[in-house]
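Remarks on the overall topology
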Amino acid sequence: MTPSQKYLQKLGLKEQDITEDPIAPAEQENHRRSFLKKSMLGGIAFGGAFAFAPIEELIAQSTQKVSRFSSPSELKITDLRYATTTVLGRTSIIRIDTNQGIYGLGEVRDGADERYALMLKSRLLGQNPCNVEQIFKSIKQFGGQSRQAGGVCGVEMALWDIVGKAYNVPCWQLLGGRYRDKIRLYADTPEAGSPEEQKKLMNYRINEQGYTWLKMDLGIGELKGIPGALVNDKFWQNAKGDLAQWGDQSNYMSYGNTQHPFTQIQITDKGLDELAKLVDTVRGMLGYDIPLSTDHYGHFDMNNGIRLGKAVEKYRLAWLEDIVSWELTDQWKMMSDALETPLLTGEDIYLLKNFKPLIDIHAVDIIHPDLASSGGLLETKRIGDYAEEHGIAMAMHQAGTPVSFMANVHCAAATQNFLALEHHSIDLEWWESLVKTTDGRKLITKGFANLPLSAPGLGIELNDEVVKQHLYPSDKTYFEPTPQWNEKRSHDRIFS
């Protein structure tokens, strides 16, 4: 009896229990020694002490038929399930399952309905998830601008996660390789009740948390209670006397649901001075070593946007964001020509073709796609590359769970003209613990996201118990089967 047979006998196994080796005998020895020299066995590292041990032959013999990777060409999608978290009010994570036990994680953009993804299930079942571009082209017709794209983008994320796992490579590698090993993040400036408290919080954000790029809100809502700061604002105020920028879903004609040029709210010189003082205060605390961006101005027209931009021009802001709605391309061009401060938009734009009008005429200085709306990893990479060819940089909007966060991280790593990625949940203590990294790295270190250099796919798995603690109150289901979405009931071709 050979040493291998004796050891197998102790384990209650026989040599015939192992599948017969198809490798020729002359090649087997080289195969075994090469395998051990690489010091890897199913992902377990072996030290040099094992290299010439008597167990060498046993290990090689007993593991040479172990399947270490999937068979990508035979992968089939078998299910699509979801779980809805309380991140940013309501954000759903989806999971696409396959016939080989590999699954992929994706995310429906914050505030969007998980049914945007579920209605795609009948169009995915039985397909090979590795055909990402082909699947994307077949389902992209079911996405729209902003959160209406959440289902298509969530599916695309999950497909790349599967492909990376199937081929044992990170998603950034599938996008063409990486330009950077860590991803710069930008964060909101913390709000406080006094300048002294705000300075303390900002020092914490910079010195303790390590963020090197900040963004502040600069909205006309800050002018509440200041007489003579705005024209025509009282007409739009809600019962509390606020300009509710996020809108009243029950009232189509509310302030938040009215596009910027149609409110005829104007900012007086006094109002502009007050807003400039806010920037001056933050710049005084922050200095000029760190970029400072601005956002959430409220709903007023292009002319007031230009006036506001000129009022804060001397503070050298990194950008002015979403002054008017993104599709008003000519207005963006007029503002861009009038101002020296960089202009930025894009978080609600779906697909490259809708970014092109802004980019082609250089109506903005920086594009700002949200990967959960813009089309997913590959489409966003294409958007960034197209902007790069026109001398335009790309920042990335992100407000979701660590699932979409990591999808953004991979895309940012693979895109050369990338500037910084938004992190919207810095102060949510349990946010990072929703997932665990598959290579043991920290998700974020001192204001930078850590790129998985070898972990396959997105490089994360859900921390089930933590996610279950933060499920949306009215829907506590956790990746339950969804057979009601299996049946396809329409003919989807969009041409005759």
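The sections below set out a description of the structure shown in this document. (Residues numbered from 1 in each chain as written. Predicted model: local features only at pLDDT ≥ 70, side-chain atom pairs only at ≥ 80, totals over all residues. Heavy atoms only, no water.)

Things to note about the overall build of the protein
- The number of helices and strands found in the protein is 16 helices and 19 strands.
- Out of the 496 residues belonging to the protein, those deemed buried represent 53%.
- Excluding contacts between residues fewer than 6 apart, the proportion of contacts in the protein whose partners are at least 24 apart in sequence is 71%.
- Accessible surface, the protein as shown: approximately 23,100 Å² in total, 51% of it carbon and sulfur. (Helix = DSSP H or I, 4+ residues; strand = E, 2+ residues; numbered from the N terminus. Buried < 20%, exposed > 50% of the residue type's maximum accessible area, 1.4 Å probe, protein only. Contact = heavy atoms within 4.5 Å. Areas by Shrake-Rupley, 256 points an atom, 1.4 Å probe, with all protein chains shown as cover.)

Looking at the packing of helix 12 (residues 352-360) against helix 14 (residues 377-389)
- Running from N to C, helix 12 and helix 14 point in directions that differ by 15 degrees, and their axes come no closer than 10 Å. Considering the angle they form, helix 12 stands roughly parallel to helix 14. For helix 12 against helix 14, the interelement crossing comes out right-handed. Across from L352, F355, K356, I359 and D360 in helix 12, the residues of helix 14 making contact are E379, R382, I383, Y386 and A387.
- In the contact of helix 12 with helix 14, the residues fall into six nonpolar, no polar and four charged. (Axes fitted to C-alpha atoms, helices over the stretch in contact; angles between N-to-C directions. Parallel < 35°, antiparallel > 145°, perpendicular 65-115°, else oblique. Left-handed = near helix turned anticlockwise from the far one by under 90°. Nonpolar A, V, L, I, M, F, W, Y, C, P; charged D, E, K, R; others polar.)

Description of the pattern of salt bridges
- The tally for this structure, following the rule as stated, stands at 30 salt bridges.
- We note a salt bridge from R382 to E379, for which the minimum N-O separation is 2.6 Å. Here the residue R382 and the residue E379 both occupy positions in helix 14, the gap between them amounting to three residues, near one helical turn.
- With relative accessibility at 39%, the residue R382 sits in the partly exposed group.
- Here E379 falls in the buried class, since its relative accessible area comes to 7%.
- The salt bridge partner of K488 is D492, with a shortest N-O separation of 3.6 Å. (Salt bridge = Lys/Arg side-chain N within 4 Å of Asp/Glu carboxyl O.)

Concerning unusual backbone geometry
- A positive phi angle, near 65 degrees, is found at N168, a position not held by glycine.
- With respect to the helices and strands, N168 occurs in the loop between helix 6 (150-167) and helix 7 (171-174).
- One non-glycine residue, Q264, lies in the positive phi region at around 55 degrees.
- On the secondary structure map, Q264 appears in the loop between strand 8 (230-231) and strand 9 (266-267).
- Q264 sits in the partly exposed class, given a relative accessible area of 42%.

Points about the packing of helix 14 against helix 15 (residues 402-413)
- For the pair helix 14 and helix 15, interaxial distance at closest approach is 10 Å and the crossing angle is 40 degrees. Viewed along their axes, helix 14 and helix 15 adopt a mutual orientation that is oblique. The element helix 14 and its partner helix 15 pack so that their crossing is right-handed. Counted together, L377, T380 and K381 of helix 14 and A407, H410 and C411 of helix 15 form the full contact between these two elements.
- Of the residues assigned to the contact of helix 14 with helix 15, the class counts are three nonpolar, two polar and one charged.

A short note on helix 15
- Across its 12 residues, helix 15 extends 16 Å between first and last C-alpha, which sits within 8% of the 16 Å expected from 1.5 Å per residue.
- Taking burial as the measure, the 12 residues of helix 15 include 12 buried ones, the bulk of the element.
- Those residues of helix 15 that sit buried are P402, V403, S404, F405, M406, A407, N408, V409, H410, C411, A412 and A413. (Expected span 1.5 Å × (residues − 1).)

Thoughts on the pairing of strand 6 (residues 182-188)
- Here strand 6 pairs with strand 18 (residues 448-450) via three bridges, running antiparallel. Residue pairing for strand 18: R184 is matched across the bridge by F448.
- Across two bridges, the pairing between strand 6 and strand 15 (residues 418-422) is parallel. Residue pairing across strands places Y186 opposite E422, the latter belonging to strand 15. (Pairing = 2+ DSSP bridges.)

Quick notes on the packing of aromatic side chains
- Evaluation of the coordinates by the stated rule reveals six aromatic pairs.
- Ring plane angle 85 degrees and centroid distance 5.1 Å describe the contact between F235 and W236, whose orientation is recorded as edge-to-face.
- The exposure class of F235 is exposed, given its relative accessible area of 63%.
- Judged by its relative accessible area of 13%, W236 is buried.
- Ring geometry for F405 against W431: centres 5.3 Å apart, planes inclined by 90 degrees, an arrangement best described as edge-to-face. You can see F405 sitting in helix 15 and its partner W431 sitting in the loop between strand 15 and strand 16 (435-437), a full 26 residues away along the chain. (Phe/Tyr/Trp six-rings, centres within 6.5 Å; stacked < 30°, edge-to-face > 60°.)

Things to note about the sheet that holds strand 3 (residues 77-85)
- What the three strands build is an open sheet, ordered 3-4-5; its pairing is antiparallel. Of all the strands in the sheet, the pair left with one neighbour each is strand 3 and strand 5 (103-108). Across the sheet, the mean angle from the axis of one strand to that of its neighbour is 20 degrees, orientation sign disregarded.
- In the sheet, strand 3 pairs with strand 4 (residues 91-98) via eight bridges, with the strands oriented antiparallel. Note that in strand 4 the partner of D79 across the bridge is D97.

As for the environment of R493
- With respect to the secondary-structure elements, R493 resides in the segment after helix 16 (464-469).
- Look at R493 and you get partly exposed, because its relative accessible area is 47%.
- With 355 residues separating them along the chain, R493 and S138 place their C-alpha atoms 8.6 Å apart.
- Within polar-contact distance, the side chain of R493 engages the backbone oxygen of F495 at 2.8 Å. (Polar contact = N/O pair within 3.5 Å; in protein donor to acceptor, adjacent residues only side chain to side chain.)

Concerning helix 12
- Of all the residues in helix 12, the buried ones are L352, F355, L358 and I359. Taken end-on, helix 12 shows its buried residues confined to a sector of 115 degrees, consistent with a single buried face. (Arc of directions from axis to C-beta.)

Worth remembering: the numbers are spatial, not functional.
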